[in-house]
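Each chain is listed here by its residues.
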Amino acid sequence: MLIFLSFYGKNMKVLHWKKLVSCVGWTTAEELYSCSDDHQIVKWNLLTGETSQIVKLPDDIYPIDLHWFPKSLGIKKQTQAEIFVLTSSDGKFHLISKLGRVEKSVEAHSGAVLAGRWNYEGTALVTVGEDGQIKIWSKTGMLRSTLAHQGTPVYSVAWGPDSEKVLYTAGKQLIIKPLQPNAKILQWKAHDGIILKVDWNSVNDLILSAGEDCKYKVWDSYGRPLYSSQPHEHPITSVAWAPDGELFAVGSFHTLRLCDKTGVRNVLNDAVDLLEFRDRVIKASLNYAHLVVSTSLQCYVFSTKNWNTPLIFDLKEGTVSLILQAERHFLLVDGGGIYLYSYEGRFLSSPKFPGMRTDILNAQTVSLSNDTIAIKDKADEKIIFLFEASTGKPMGDGKFLSHKNEVLEIALDQKGLTNDRKIAFIDKNRDLYITSVKRFGKEEQIIKLGTMVHTLAWSDTCNILCGLQDTRFTVWYYPNTVYVDRDILPKTLYERDASEFSKNPHIVSFVGNQVTIRRADGSLVHISISPYPAILHEYVSSSKWEDAVRLCRFVKEQTMWACLAAMAVANQDMTTAEIAYAAIGEIDKVQYINSIKNLPSKESKMAHILMFSGNIQEAEIVLLQAGLVYQAIQININLYNWERALELAVKYKTHVDTVLAYRQKFLETFGKQETNKRYLQYAEGLQIDWEKIKAKIEMEITKERERSSGSQPTKSTGLKH
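This is a predicted model, so every value here is computed, not measured.

A.B. asks: How should the UniProt feature "repeat: WD" (unreviewed entry) in the chain be read in this particular structure?
C.D. replies: The residues that UniProt annotates with the feature "repeat: WD" (unreviewed entry) are residues 106–138 and 188–220. The annotated region residues 106–138 carries 0% helix and 61% strand content, and the separation between its end C-alpha atoms amounts to 12 Å. In this annotation, residues 188–220 is assigned 0% helix and 52% strand; the end-to-end C-alpha distance for the span is 12 Å.

The following block contains the structure:
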């Protein structure tokens, strides 16, 4: 019997064995245990090539399946990670220590126990057998329940990512059964022959199945088909996901399939560099002019300017499952935690939160920017934890981001100031939202950007967002438009048909103005978007407003003018905003901007700009802090916020009669009588004198004008988003 071991960037290694090897299991990236029909359990060290017999089992035990107890749960290491379950043909399963001691043998099934799997928390074990029974056991081997009983053998079983459901085979059918009694069971025909093997990945929530029909298939957790292979020459006897859900292996007679690629090419001069590593490569990531490679023992950081002298440092664990890069630093995830390093190899931080499980983190549930780390919680999938990158401490006032629905995918924008950092995310309804990362006391708005969005990515050069939305590929050239003028958001979008990408495509990267999309069949498609919006972002970030206007006049596209209008309002450049709004035909907004220019004080202008963006409360605060109480009352009157207008007038003991007069005029216009108790209370015995009210208003305007002419400019209130 031969065991084939394939490595990234290395030749395939072949381990020879005399008898049939029935099952194998990894303990670390460099250590493998195998069981065979000669009743031996053997440990293989892949670094040294050494093998050692751990134990010889009794002659009546023929091993069938092996599964190690979960190695790390959250931050705490578990001592029971040293134990594995071994199922055998005599109807028993055995709990065996790493040193080979059989801790317990349990009579489990009539006939062979065909598979056994620990759940992700290590609190339960599921076994299936030739007797058609699916049984749940405690971690010490005590029977908890018989989940199901059917008339045919169950060849394979897998836990759902939340450990609340079990997937098992039933002839040509796949069945997902929740542990909760009376919960709905999902069942579907998956193959044209008996299904021999299944695996369910906890990171991507996708299911693999293999059958005697010589096919392997990929399914989502609702039983919908995502991929089906062509028929092969022989039945597919084994399938397994890589822990990070990026790759899977398929085994058949004399055949092992695994998709991977390695190599570095300089596309500027077509030079090819072959990078040799002492140990096998586990993960690699190339972005922001750096290549980060993790082997089983070390991390290598290459600069694209110099491939010859990488920075090298040792890893705490050799099981890196994820590498994320930002412009200033990169992040590594392994079984022990999350670690942030600079490109000079300096350790920066290691964010933690209660119950954190690093084994299920991937690029959709962790996001990195220059100043922020965002991590989706697994225990409560409505929660996103936000950390300062430099310290690993919770962002802002320490509050996490909470959404009304479960979150599927998160992404931080990459450019701009920390105070302006935004996070976009997709929830389980496939709605796309955006919100601010900085959270101090007040509840930040979570605003919907789109619906039926399946995948998203931010550009690495500017804050442009793209996504696959139903049957369309959509680019939000300036997503922050939702904070400034939501009415013109549709004018800032670019859309094109996405049917060419087939079912279930995924955005791999968004570099410069090129988006790379992976189809369900694994092929890559590259899309180029207009370079002009990125140039516009650059001009605006440098406050080159005249250059921005010239660029829009050159390009002559409504999308560019709409983006410029929103950018100008966000940065309080109302002259540019007026030009841009006029170019897209928003005449009413041009008139409003003109009226803002004629206001007597900077505070009033600031407040009306905030109102233009829909930030009524902030506008009121600006006016009250400047002592412009009447103006704060007047904006509430103009917006028909009658309760608030009266509340301010009473609180500051001024212009109560003004509020009552405007309220009365409003009711008379619509032929209605006053019913509000507070207004009735303050109107009792009061005569409305419009001449007197107009004189008071004129006096307030004069006072503001005089005050403004002798005042110093006020500080910005942070309108910019």
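This is not the end of the story, as more comes after the structure.
A.B. asks: Mind showing me how you'd approach the environment of Lys703 here?
C.D. replies: Along the chain, the position of Lys703 falls in helix 13 (residues 690–709). Sequence-wise, Lys703 and Glu130 are 573 residues apart; in three dimensions their C-alpha atoms are separated by 91 Å.

A.B. asks: Can you walk me through the sheet that holds strand 23 (residues 216–219) in this structure?
C.D. replies: For sheets, the rule is that strands pair by backbone hydrogen bonds, running either parallel or antiparallel. Reading across the sheet, the 4 strands line up as 21-22-23-24 and stay open at both edges, with antiparallel pairing between neighbours. If you trace the sheet from one side to the other, it starts and ends with strand 21 (195–200) and strand 24 (225–228), each paired once. Within this sheet the neighbouring strands show an average axis-to-axis angle of 20 degrees, counted without direction.

A.B. asks: Please clarify how the packing of aromatic side chains should be interpreted in this entry.
C.D. replies: According to the stated counting rule, one finds 29 aromatic pairs in the structure shown. Aromatic pair Tyr216 and Phe248: ring centres 5.8 Å apart, planes at 70 degrees, arrangement edge-to-face. Note that Tyr216 is positioned in strand 23 and Phe248 in strand 26 (residues 248–252), a separation of 32 residues in sequence. Taking relative accessible area as the criterion, Tyr216 reaches 11% and is therefore assigned buried. Relative to Phe554, the ring of Tyr532 has its centre 6.2 Å away and its plane inclined at 75 degrees; by these criteria the two rings are edge-to-face.

A.B. asks: Just checking my understanding: could you explain the pairing of strand 35 (residues 329–334) for this structure?
C.D. replies: On any regular strand, side chains alternate: one points to one face of the sheet, the next to the other face. By the criterion of burial, strand 35 is predominantly enclosed, with 6 of the 6 residues buried. Taking every second residue as pointing to the same face, both faces of strand 35 are buried, with His329, Leu331 and Val333 on one and Phe330, Leu332 and Asp334 on the other. Sheet topology note: the strand 34 (residues 322–325)/strand 35 ladder contains 4 bridges and is antiparallel. Looking at the pairing, Leu324 lines up with Leu331 of strand 35.

A.B. asks: What's the story with the environment of Asp131 in this structure? I'm lost.
C.D. replies: Within the secondary structure, Asp131 is located in the loop between strand 14 (124–129) and strand 15 (133–138). Overall, Asp131 belongs to the buried group, its relative accessible area being 16%. Leaving out residues up to four positions away in the same chain, Asp131 has contacts with His109, Ser110, His149 and Gln150.

Here is what the cut-offs are and how they apply
Residues numbered from 1 in each chain as written. Predicted model: local features only at pLDDT ≥ 70, side-chain atom pairs only at ≥ 80, totals over all residues. Heavy atoms only, no water. UniProt positions renumbered as here; feature names shortened; annotations may be inferred. Helix = DSSP H or I, 4+ residues; strand = E, 2+ residues; numbered from the N terminus. Pairing = 2+ DSSP bridges. Axes fitted to C-alpha atoms, helices over the stretch in contact; angles between N-to-C directions. Phe/Tyr/Trp six-rings, centres within 6.5 Å; stacked < 30°, edge-to-face > 60°. Buried < 20%, exposed > 50% of the residue type's maximum accessible area, 1.4 Å probe, protein only. Contact = heavy atoms within 4.5 Å.

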